[in-house]
Amino acid sequence: MLGKKSTRTEICSGSQIEARVANSRIFGRNVTKVYKSRKKETLAIDHVDFDILENEFVSIVGPSGCGKSTLLKMIGGLDDISEGAIILDDQVLKGPGADRGMVFQTYTLFPWMSVEENIRYGLKEKKCPKDKADVIVNKYLDLIGLSQFRKALPKELSGGMKQRVAIARALANSPEVLLMDEPFGALDPQTKANMQLLTRKIWQKEKTTVIFVTHDIEEAVYLSTRILVMSQRPGRFIADIPVFLPYERDLELKDTQEFIALRKEITGILHQGGDNS
Amino acid sequence: MNKLFQIRKSIDKKLYIFIAAMSFVILIAVWQAASVSGAVNQVFLPTPGRVLSTILDLFITGSIWGDLYISCYRIFMGFIYAVILGIVLGILAGSFSVTEAFIQPMIEFFRYLPVPAFVPLIMVWVGIGEEAKIAVIFLGTLFQLVPMVADDLRSVPEDYINAAYTLGSKRFKVLWKIIIPSMLPRLMDTLRMMMGWAWTYLVVAELVAANSGLGYSILKAQRYLKTPYIFAGIIIIGLLGLLIDRTFALVSRKLFYWSEGGVK
């Protein structure tokens, strides 16, 4: 059984994350997605349960088409849940909201707004006073290292820069949980590695709860405190793997024995999961 | 030769302009040759020089200005009404399935009805005054415009909308602050194309039921077999259309400096 309390305490004490709360921040029960067309029903996600703790960085990996992005969209309230429920802070989720920030694989910066205006968007939406918003915007511009690009338009930025701004825009809203849907999938390997480094740094600093969807196992191992492995369609969680790697992570970590072993383990599980269907 | 004809590869800009200019030179040369040599009777095909002097003459004597003014007035009025209603209907059809179901099938049906066939009906309903011409332009453009505006809206990336939702925007905010600004450059292109339709229907209206305007001036010239004036009228309409089109494109590029094709 996945997401049992006992495993969770183990993860908490095992990884070197300070001040872990033992209750789950966001969890799903029996979460199911069925696509209905005229003739048939397709089961995309099959009654999954999950528990995400405060400050966790959880990656969901799985073969393409397994429903991991759909599940993330459902958590974000952007896709209907066919059956079951997702609960955040004791509230059953209904529709999208500012409490769940999201970073997408496609570039979603609003092209008519400058970098600064993009980051400010969510704050304006919740009527944050200007002086307070200024401080927050500056903080996140600084965090992503794009302070000198504050007036730039999205079309003037590289793909990696766009995604950095997208992360800043989501974080500026101080969401309860940050959802990331293969945010670096369209980037070249070099930029991707740098983005991973930055993401890990930001997470350590901000302590935001993150759910990260990717099909890149190396990326998942590098970033996460825990990895949920999904089977082929219909998507089910087939493994829940804590990542016992040092808290401070640089890119060299990817060449260490422990890292490679864990990566291989997950690859193995994925292959087995693929054979079943 | 091998280098010049590569599929979808660009050529030197100067060469491009030269070739474009050549096509006009050739057209005018053939025209000149045909009318001067007498291959075509000059009554039917006046020389380019004759047409040019007729155009200049129309502007210098000022006899064209009245027609020009009234035609522009009709275009503007018909176009503005169609644009206001068309954008509202298009946005409704593009954003909500309920309103789409109500609006779009009906509009699609009207879209295939030939507007010139409505002219007699329009005359019966609103008479032969200015309203009739405005109504023809209005009807001609409106039904083309609505589905195009709806498509402009639908081509706003889904993830812009999703991003706005996850940043805390509610539905109508998303529509107003994300979807509409995002579709504006495309909408401007649509309006540019609609202007072309508006010109076509202007001439239709003026050929059938008018006693003023550029279309009517062509019709009048035909009655007296003043072919240079027919040519002049057509060319003036063409140039005016081109001028408006270029203005639209320029304004769009400046206004939407943030879009891919825009300049600051």
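Residues numbered from 1 in each chain as written. Chains lettered and ligands numbered in written order. Predicted model: local features only at pLDDT ≥ 70, side-chain atom pairs only at ≥ 80, totals over all residues. Heavy atoms only, no water.

Looking at an unreviewed UniProt entry, one finds chain B named Putative aliphatic sulfonates transport permease protein SsuC, with Ruminiclostridium hungatei as its source organism. Quoted verbatim from the Subcellular location (unreviewed entry) field of UniProt, the annotation for chain B is "Cell membrane". Checking UniProt for chain B, the heading Sequence similarities (unreviewed entry) contains the comment "Belongs to the binding-protein-dependent transport system permease family." (UniProt positions renumbered as here; feature names shortened; annotations may be inferred.)

Going by the annotation in an unreviewed UniProt entry, the name recorded for chain A is Aliphatic sulfonates import ATP-binding protein SsuB, with Ruminiclostridium hungatei given as the source organism.

**Points about the UniProt feature "domain: ABC transmembrane type-1" (unreviewed entry) in chain B**
Look at the UniProt record and you will see "domain: ABC transmembrane type-1" (unreviewed entry) annotated at residues 68-252 of chain B. Counted over residues 68-252 of chain B, helix gives 86% and strand 0%. Its end C-alpha atoms are 25 Å apart. (Helix = DSSP H or I, 4+ residues; strand = E, 2+ residues; numbered from the N terminus.)

**Looking at the UniProt feature "domain: ABC transporter" (unreviewed entry) in chain A**
This chain's UniProt record puts "domain: ABC transporter" (unreviewed entry) on residues 26-257 of chain A. For the annotated span residues 26-257 of chain A, helix accounts for 31% and strand for 27% of the residues, and the straight-line distance between the end C-alpha atoms is 33 Å.

**With respect to the sheet that holds strand 4 (residues 83-88) of chain A**
All names here are of chain A. Pairing is antiparallel across the open sheet formed by four strands, whose spatial order is 2-1-4-5. Two strands bound the open sheet, and with one partner strand each, they are strand 2 (41-53) and strand 5 (91-92). One ladder, built from five bridges, connects strand 1 (residues 24-36) with strand 4; its direction is antiparallel. Opposite Ile26, over in strand 4, you have Leu88 as the bridge partner. The strands touched by helix 2 (residues 68-75) are strand 1, strand 2 and strand 4; relative to strand 1, the strand with the most contacts, the crossing angle is about 120 degrees. (Pairing = 2+ DSSP bridges. Contact = heavy atoms within 4.5 Å. Axes fitted to C-alpha atoms, helices over the stretch in contact; angles between N-to-C directions.)

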